[in-house]
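# Structural overview for review
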2 protein chains.
Amino acid sequence: MDLAVSPLALPFPDMPPIGGVKLRAARARYKDWERADLTYVELCEGTAVAGVFTQSLCASSEVELGREQVRSGRARALIVNAGNANAFTGYRGREAVEAIMAQAADHIGCSPREVLVSSTGVIGVPLPKDKAQDGVAAAFAADAASWEDAAKAIGTTDTFAKGAHASAMIGENRVELCGIIKGSGMIAPDMATMLGYIFTDADVAPAFLQTMLDQATAKTFNCITVDGDTSTSDTVLVFATGKAAHPSIEDWDSPGADAFAAALNDVCRELAQLVVRDGEGASKFVNVHVSGAASDESARKIGLAIANSPLVKTAIAGEDANWGRVVMAVGKAGEPADRDKLSIGFGGIWAAREGLPVDGYDEAPVAEHLKGEEIDLAVDLGIGDGRATVWTCDLTHGYISINADYRS
Amino acid sequence: MDLAVSPLALPFPDMPPIGGVKLRAARARYKDWERADLTYVELCEGTAVAGVFTQSLCASSEVELGREQVRSGRARALIVNAGNANAFTGYRGREAVEAIMAQAADHIGCSPREVLVSSTGVIGVPLPKDKAQDGVAAAFAADAASWEDAAKAIGTTDTFAKGAHASAMIGENRVELCGIIKGSGMIAPDMATMLGYIFTDADVAPAFLQTMLDQATAKTFNCITVDGDTSTSDTVLVFATGKAAHPSIEDWDSPGADAFAAALNDVCRELAQLVVRDGEGASKFVNVHVSGAASDESARKIGLAIANSPLVKTAIAGEDANWGRVVMAVGKAGEPADRDKLSIGFGGIWAAREGLPVDGYDEAPVAEHLKGEEIDLAVDLGIGDGRATVWTCDLTHGYISINADYRS
């Protein structure tokens, strides 16, 4: 099936090279695709790595291995297979992964444990070892790839290439952060997320890199949802090559730690939002702002209950200011709420305040706002200081077409 | 919008009158409907009542009042308003409810606390007191209504009238149970459920009636889902008039208690399944059988994670034996699971066993099964004795059309 480019797509940004990072793309031919489907990234010695992974109890071998690998804090290579998730494939799937880890380790002269692998695509078909090994060999011999090439090569049902860039000043030194991501369906929060990779030339201690990634993930990747369905393969990795000339960032007291964390957070948020912009069938990008909740975590859960509600999402698709469905979603979230203190608004206009429809509420400007591509939905619980923003897309015929109208 | 009758509709069954129950239907004209939208049921003195209600924290006044009322265990009347849920309407909504409770209590000569009220329809518009009172007065004067009349009058977006009947022998006495229900969207489990009413001439102590209803609800109404969205107004009430000539059923040791509980369970299960059969846009009825789980409750949660997954539901709509999506849903359920012990099958044929695709798996008979209207999806966790069956429907373009393509 040929998918039209999402109407919410953004152009691929200019992204600088990162010292210590070599990008390659090749064709392993996992599917009948006329494009690269294997991405190989070689990283200089001393590269720190941190990662977050799906909390699915049916995670793939790649995720199981990855969880162990990031604990060591060091990485020399990343291989991403697109077109086959290699999930639910038992020992047969694991063999292929171990084979290409060894192959890259031989090539670089490092331990297989320093070679991270991700796979994305169909579940239940073991990754074909021969194709994977041929693909990796082709990648060794390939020309340098651009960030956009790599972003395309890791995609599956994605309709546009997704990347984000930020920089931070560490004292007198400027460090760069470049990220790429894939994902458009089977996107749900409270777990890690799709496949995302962020590269930086900053010099950061692995344990602290993990701390910063965990914090950024909580407010970015874990605050998006397309369909409430959580993948078996979700992975976000950050690689810090340390090629920039600044004293290592070891903890929050290190010079530049705050600046770097802010830049990392920016890249994570942009990448997360790009996935929502490529949500299957999406026609509108929705910011769900929750305030006045019992806690930030409670606000996030309420935001996700709203963002995952098929009735709210179809109302937004229909450009319908149906705040009754928002009340329903707040009520089912299971979080502290008081019906008579609840306020709901669209595009900066309250439709209901403190449990009652607003007297003389004029729907015209709200209807105008809902015709746009970027929707703001605000919910104030009126009971505390907790707040969160969650991002989602609407639910349209396009989602059904993509997921029901063809056979996988 | 005119909705086509669900392809999964069943004909309305023959249902006998119940001693002590008078049915009336009238037009309160809450909407521009050419049909009755107010149902009034008068119950003889001594009628026992039990009920389960939504656990939404934004429940309607009707639900708040109902929770208190069923604690007394006695009821003399039921009023159901269709076309206006009267939820999120604050004190203005509550006034109208209290007015019609008083009106019916005056008419019967009972306490207003013995008059139960339910409302279903749009959220956020206060129930118009004048229309409600006129409707109730019209119902007092109306001719007797049939079960099917009442089932139609309580409906909103329902595409067919839904009723179920069972009987049980209490010693030498036969007792009858008749139930009606409405609901097709905003249907989710783990709360009570839509609006359902069951009437019996059995003589049952109120506290024990509540016990039996709670048990039946756990395995019936709380095991269905259409869209994972839980209403603010869900209510199921059981009324036992005691007109049958048998010794009162007081507890599990009373003669006939098991037979009555089994009949009640049958009616609850049939009513719950009818709601799924009228699921918005449904083209297939899906039985999700979960076995081998850590506990029955764990099995139910896994079943609901599968039944609520948009990717599983669209795969079934597409007649696609995509068991990878079932793996995903099991993995995200957050319940004990071991990927390498998991088995998945359709229509009695295992596609995957113990974490691996079945060798020589023939998809042809599975594809044939998926073309039917009644789908069996089996998941065995392989780690315990917990089991549950959950019922749902597929997710089709019809759901989007009903909920996005018109303005509420």
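Chain A is annotated in an unreviewed UniProt entry as Arginine biosynthesis bifunctional protein ArgJ from Erythrobacter ani. Its UniProt record gives chain A the following Subcellular location (unreviewed entry) comment, quoted word for word: "Cytoplasm". Regarding chain A, the relevant UniProt record gives this comment under Sequence similarities (unreviewed entry): "Belongs to the ArgJ family."

A word on unusual backbone geometry. In this structure, Asn86 of chain B takes a positive phi of about 55 degrees despite not being glycine. Tracing the backbone shows Asn86 of chain B in the loop between strand 4 (77–84) and helix 2 (90–108).

Once that is clear, we can look at the interface of chain A and chain B. Often, the extent of an interface is quoted as the loss of accessible area upon association of its parts. Counting residues at the interface gives 67 residues for chain A and 67 residues for chain B. Each partner contributes to the roughly 5,300 Å² buried at the junction of chain A and chain B, and carbon and sulfur atoms together form 59% of this total. Counting across the interface, chain A meets chain B through two salt bridges. Of the charged contacts, one joins Glu64 of chain B and Arg339 of chain A as a salt bridge, the two residues approaching to 3.4 Å between their closest N and O atoms. Between the two partners, chain A and chain B, sit five residue pairs in polar contact (both at pLDDT 80 or more). When residues of the side of chain A that touches chain B are traced back to their parent elements, those giving at least two are helix 1 (61–72), helix 2 (90–108), helix 8 (310–317), helix 9 (323–332), strand 14 (356–357) and helix 11 (397–404) of chain A. Element by element, the count of residues in the side of chain A that touches chain B is highest for helix 9 of chain A, at eight residues.

Moving on, we get to the relation of the copies chain A and chain B. Mapping chain A onto chain B is achieved by rotating through 180 degrees and translating by 0.0 Å along the same axis, at an RMSD of 0.0 Å. The superposition of one copy onto the other is thereby described by a two-fold rotation axis. Among all residues of chain A, the minimum C-alpha distance to the rotation axis is found for His397 of chain A, at 2.9 Å. Both copies share a contact surface, since 100% of the interface residues of chain A are interface residues in chain B too.

All names here are of chain B. Relative to strand 7 (residues 173–182), strand 6 (residues 162–170) runs antiparallel, the two being bridged by nine bridges. Residue pairing in the sheet places Met169 in a bridge with Arg174 of strand 7. Between strand 6 and strand 7, which pair antiparallel in sequence order, lie two residues; one of them, Gly171, sits at a positive phi of approximately 60 degrees.

Attention now goes to the UniProt feature "binding site: substrate" (unreviewed entry) in chain A. Residues and elements named next belong to chain A. UniProt annotation of "binding site: substrate" (unreviewed entry) refers to Thr156, Lys182, Thr193, Glu280, Asn403 and Ser408 when read in the numbering used here. As for its position among the elements, Thr156 is in the loop between helix 4 (147–153) and strand 6 (162–170). If near-sequence neighbours (up to four positions away) are discounted, Thr156 is found in contact with Trp33, Arg35, Ala82, Gly83, Thr120, Gly121 and Lys182.

It is worth spelling out the environment of Ala315 of chain A at this point. Summarising the element assignment, Ala315 of chain A is placed in helix 8. Considering only alpha carbons, one finds Ala315 of chain A and Val326 of chain A, 11 residues apart in sequence, at a separation of 9.8 Å. When neighbours within four sequence positions are excluded, Ala315 of chain A is seen to be in contact with Asp320, Asn322 and Arg325 of chain A together with Asn403 of chain B.

Bringing the nonpolar core into the picture now. Nonpolar side chains in soluble globular proteins generally cluster together in the buried interior. Residues Phe260, Ile306 and Val330 of chain A together with Phe260 and Ile306 of chain B are the most contacted members of the largest nonpolar core, which totals 173 residues. Ignoring any residue separated from it by four or fewer positions in sequence, one finds Val330 of chain A in contact with Ile302, Ile306, Ala337, Leu342, Val379 and Leu381 of chain A together with Cys58 of chain B.

Residues and elements named next belong to chain A. Spatially, 9-16-11-15-12-13-14 is the arrangement adopted by the seven strands of the open sheet, whose pairing is mixed. Each of the sheet's edge strands pairs with one partner strand only, and the pair in question is strand 9 (224–225) and strand 14. Summarising the sheet, strand 11 (residues 285–293) and strand 16 (residues 386–393) pair through seven bridges and their orientation is antiparallel. Note that in strand 16 the partner of Phe285 across the bridge is Cys393. The strands that helix 6 (residues 257–277) touches are strand 9, strand 11, strand 15 (374–380) and strand 16; relative to strand 16, the one it contacts most, it runs at about 40 degrees. In the packing of helix 9 onto the sheet, the strands contacted are strand 12 (343–346), strand 13 (349–353), strand 14 and strand 15, and the crossing angle to strand 12 comes to about 135 degrees.

Here we take up the confidence of the model for chain A. All names here are of chain A. Residues with a pLDDT of 70 or more make up 95% of chain A, whose mean pLDDT is 87. Put simply, strand 9 is where chain A has its lowest mean pLDDT, 70, and helix 3 (residues 129–141) is where it has its highest, 97. Below pLDDT 50 for its whole length, residues 189–193 participates in 26 contacts with residues either more than four positions away or in separate chains.

All names here are of chain A. Examined at the domain level, chain A breaks down into domain 1 (21–277) and domain 2 (285–404). Taken over C-alpha atoms, the centre of domain 1 sits 33 Å from the centre of domain 2. Buried surface at the junction of domain 1 and domain 2, both sides included, amounts to about 1,300 Å², of which 58% is carbon and sulfur. Considering only the side of domain 1, the residues that lose the most area to domain 2 are Cys223, Thr225 and Val276, jointly responsible for 37% of the buried surface there.

So, on to the pattern of salt bridges. Counted under the stated rule, the structure contains 30 salt bridges over all chains. Across the pair Glu368 of chain A and Lys371 of chain A runs a salt bridge, and its minimum N-O distance is 3.7 Å. Linking Lys152 of chain B and Glu148 of chain B is a salt bridge whose minimum nitrogen-to-oxygen distance equals 3.9 Å. Of this pair, Lys152 of chain B and Glu148 of chain B both sit in helix 4 (residues 147–153), four residues apart, which is roughly one turn of that helix. For Glu148 of chain B, a relative accessible area of 31% corresponds to the partly exposed category. One network of salt bridges, with partners in common, ties together Glu64, Arg94 and Glu98 of chain A together with Arg339 and Asp340 of chain B.

Let us look at helix 3 (residues 129–141) of chain B. Residues and elements named next belong to chain B. Look at helix 3: 19 Å from first C-alpha to last across 13 residues, which is about the 18 Å you get at 1.5 Å a residue. If you check which residues of helix 3 are buried, you get Ala132, Gly135, Val136 and Ala139. Buried residues in helix 3, looked at end-on, bunch into an arc of 100 degrees, giving them a common side. The exposed residues of helix 3 that point more than 90 degrees off its buried face are Asp130, Asp134 and Ala141. Structurally, helix 3 contributes buried residues whose contacts are with strand 1 (21–26), strand 2 (38–43), strand 4 and helix 2.

To continue, consider the sheet that holds strand 4 (residues 77–84) of chain A. All names here are of chain A. With mixed pairing, four strands are arranged side by side in an open sheet as 1-2-4-5. Among the strands making up the open sheet, the edge pair consists of strand 1 (21–26) and strand 5 (115–122). For this sheet, the mean angle separating the axes of adjacent strands, direction not counted, is 10 degrees. Here strand 2 (residues 38–43) pairs with strand 4 via five bridges, running antiparallel. Across the sheet, Val41 pairs through a bridge with Leu78, a residue of strand 4.

Moving on, we come to the side chain of Arg325 of chain B. Residues and elements named next belong to chain B. With respect to the helices, strands and loops of the structure, Arg325 is situated in helix 9 (residues 323–332). Lacking a salt bridge, the buried Arg325 has Asp320 as its closest oppositely charged neighbour, with an N-O distance of 5.3 Å. Of note is the side chain of Arg325, whose polar atom sits 3.4 Å from the side chain of Thr314.

In contact at an axis separation of 8 Å, helix 8 of chain A and helix 11 (residues 397–404) of chain B are set at 65 degrees when each is read in the N-to-C sense. It follows from the interaxial angle that helix 8 of chain A and helix 11 of chain B lie roughly perpendicular. Along this stretch, helix 8 of chain A crosses helix 11 of chain B, giving a crossing that reads as right-handed. Residues Pro310, Leu311, Thr314, Ala315 and Ala317 of chain A of helix 8 of chain A form the contact with helix 11 of chain B, whose participating residues are Tyr399, Ile400, Asn403 and Ala404 of chain B. Here the residues of the contact of helix 8 of chain A with helix 11 of chain B sort into seven nonpolar, two polar and no charged.

Definitions and cut-offs
Counting from 1, residues in each chain are numbered in the order their sequence is written. Think of it this way: whatever chain is written first is A, whatever ligand is written first is 1, and the rest follow in order. Selection of residues for local features in this predicted model requires a pLDDT of at least 70, selection of side-chain atom pairs for listing and counting requires 80 or more, and totals for whole chains, interfaces and linings are taken over all residues. The side-chain numbers reported here are obtained from all heavy atoms of the structure, hydrogens and water having been left aside. UniProt positions are given in the numbering used here, feature names are shortened, and annotations may be inferred rather than shown by experiment. Helix numbers and strand numbers start at the N terminus; a helix is a DSSP run of H or I with at least 4 residues, a strand a run of E with at least 2. We call two residues contacting when some pair of their heavy atoms lies within 4.5 Å. The buried area of a pairing is the accessible area, by a 1.4 Å probe, that goes missing from both parts when the two are put together, added over both. Salt bridges are identified by distance alone: a Lys or Arg side-chain nitrogen within 4 Å of an Asp or Glu carboxyl oxygen. Any N or O atom pair separated by 3.5 Å or less is treated as a polar contact, with the protein-specific requirement of one donor-capable and one acceptor-capable atom, and with residues adjacent in sequence counted only for side-chain atom pairs. Here the copies are matched by least squares. The fit uses the C-alpha atoms of residues with pLDDT of at least 70 in both. By this definition, two strands are paired if DSSP reports at least two bridges between them. As used in this record, nonpolar core signifies buried Ala, Val, Leu, Ile, Met, Phe, Trp, Tyr and Cys residues forming a set joined through side-chain atoms within 4.5 Å. Burial classes follow relative accessibility: with a 1.4 Å probe on protein chains only, a residue under 20% of its type's maximum area counts as buried, one over 50% as exposed, and anything between as partly exposed. To get an axis, fit a line to the C-alpha atoms, keeping to the stretch in contact for a helix; angles then go from 0 to 180 degrees between the N-to-C directions. One confidence number per residue, pLDDT, is output by the predictor and ranges from 0 to 100. Annotation comment: domain bounds sourced from an automatic or database domain assignment. Working rule for helices: expected span equals 1.5 Å times residues minus one. By construction, the arc corresponds to the directions joining the helix axis to the C-beta atoms. In summary, the charge assignment counts Lys and Arg as positive and Asp and Glu as negative, without counting His or the chain termini. By definition in this entry, angles of less than 35 degrees are roughly parallel, angles greater than 145 are roughly antiparallel, angles of 65 to 115 are roughly perpendicular, and the rest are oblique. Handedness of each helix crossing follows the sense of rotation of the near helix against the far helix: counterclockwise by less than a right angle gives left-handed, clockwise gives right-handed. Basically, the charged four are Asp, Glu, Lys and Arg, the nonpolar ten are Ala, Val, Leu, Ile, Met, Phe, Trp, Tyr, Cys and Pro, and anything else, Gly included, counts as polar.

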